[in-house]
Amino acid sequence: MALNPMTLPSNDNVNPYAFCVELAGQWFMQKGKMIAYYGNVNFEPLMATSVAGFVAQRFSSPLYVQDWVVASGQGKLLLGDRGFDLNSYNLDNGNLTIRAGNLLAFDTRLQLKQSIVPGFLTLVGTGTFVAAQGVAWF
């Protein structure tokens, strides 16, 4: 089956190793985890002043801020991580701690906090995130 932007799934796995995010707004994405994108998408590092106020409200992890970008616009993002199995998860008014290296992307409804456990991050709120298999949760 040939894939093109019209046949890609929406917010689902393309295969066990690639996930397609339907972008309609903004998502936080770890640098180096995108395979491809289609559409009108802009990428800004979290240090950029144009997103500083927005980032301060949603992203509170000074040790990891340089590892993330904000993808904004309309289109599709294909994510992958070294051939690991990927899945999306929905957090419903929750608090979830995850190994920093396993978190690929999350929607901007969630807040990201630095965990007290070294090498881990905590997602808070309601929203969707994409993670690689082997996710450690507390």
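First things first, this report covers the structure right here in the doc. (Residues numbered from 1 in each chain as written. Predicted model: local features only at pLDDT ≥ 70, side-chain atom pairs only at ≥ 80, totals over all residues. Heavy atoms only, no water.)

### Considerations on the pattern of salt bridges
Reasoning step 1: With the rule as written, the count across this model stands at four salt bridges.
Reasoning step 2: With its nearest N and O atoms 2.8 Å apart, the salt bridge here joins Asp81 to Lys33. You can see Asp81 sitting in the loop between strand S5 (68–80) and strand S6 (86–99) and its partner Lys33 sitting in the loop between strand S2 (18–30) and strand S3 (34–45), a full 48 residues away along the chain. With respect to class, Asp81 is no different from Lys33; both count as buried.
Reasoning step 3: Measuring nitrogen to oxygen at the nearest pair gives 2.9 Å for the salt bridge that ties Asp107 to Arg109.
Reasoning step 4: Asp107 gets classed as buried once you look at its relative accessible area, which sits at 6%. (Salt bridge = Lys/Arg side-chain N within 4 Å of Asp/Glu carboxyl O. Helix = DSSP H or I, 4+ residues; strand = E, 2+ residues; numbered from the N terminus. Buried < 20%, exposed > 50% of the residue type's maximum accessible area, 1.4 Å probe, protein only.)

### Looking at the environment of Gly119
Reasoning step 1: With respect to the helices and strands, Gly119 occurs in the loop between strand S8 (111–114) and strand S9 (120–132).
Reasoning step 2: Judged by its relative accessible area of 29%, Gly119 falls in the partly exposed class.
Reasoning step 3: Separated by 19 residues in the primary sequence, Gly119 and Ala100 place their C-alpha atoms 5.7 Å from one another.
Reasoning step 4: For Gly119, the contacting residues outside a window of four places in its chain are Tyr64, Ile98, Arg99 and Ala100. (Contact = heavy atoms within 4.5 Å.)

### Comments concerning the environment of Leu91
Reasoning step 1: Counting through the fold element by element, Leu91 comes out in strand S6.
Reasoning step 2: Considering only alpha carbons, one finds Leu91 and Leu123, 32 residues apart in sequence, at a separation of 8.4 Å.
Reasoning step 3: Beyond its immediate stretch of four places on either side in the chain, Leu91 contacts Leu96, Leu110, Leu123, Val124, Gly125, Thr126 and Gly127.

### Concerning the side chain of Ser72
Reasoning step 1: Inspection of the secondary structure assignment puts Ser72 in strand S5.
Reasoning step 2: The class of Ser72 is buried, set by a relative accessible area of 17%.
Reasoning step 3: Excluding residues within four positions of it along the chain, Ser72 makes contact with Leu23, Gly25, Gln26, Asn40, Val41 and Asn42.

### Points about the pairing of S9
Reasoning step 1: Among the 13 residues that make up S9, eleven are buried, leaving the element largely enclosed by the rest of the structure.
Reasoning step 2: Inspection of the sheet shows S6 paired to S9 by twelve bridges, in the antiparallel sense. Paired with Asn87 across the bridge in S9 is Ala131.
Reasoning step 3: Note that strand S7 (residues 103–107) and S9 share three bridges and pair antiparallel. Across the sheet, Leu103 pairs through a bridge with Ala131, a residue of S9.
Reasoning step 4: Two elements, S8 and S9, share four bridges in a ladder whose sense is antiparallel. What sits directly across from Gln111, in S9, is Val124. (Pairing = 2+ DSSP bridges.)

### Section: the nonpolar core
Reasoning step 1: With 18 residues, the main nonpolar core has Trp68, Leu103, Phe106, Leu123 and Phe129 as its most contacted residues.
Reasoning step 2: Breaking this core down by element, the ones donating at least two residues are S5, S6, S7 and S9.
Reasoning step 3: Residue contacts for Leu103: discarding those within four places in its chain leaves Gln30, Trp68, Ile98, Leu112, Leu121, Leu123, Phe129 and Val130.
Reasoning step 4: Formed by 15 residues, the second largest nonpolar core is a distinct cluster that contains Val41, Val69, Ala71 and Val130. (Core = buried A, V, L, I, M, F, W, Y, C linked by side-chain atoms within 4.5 Å.)

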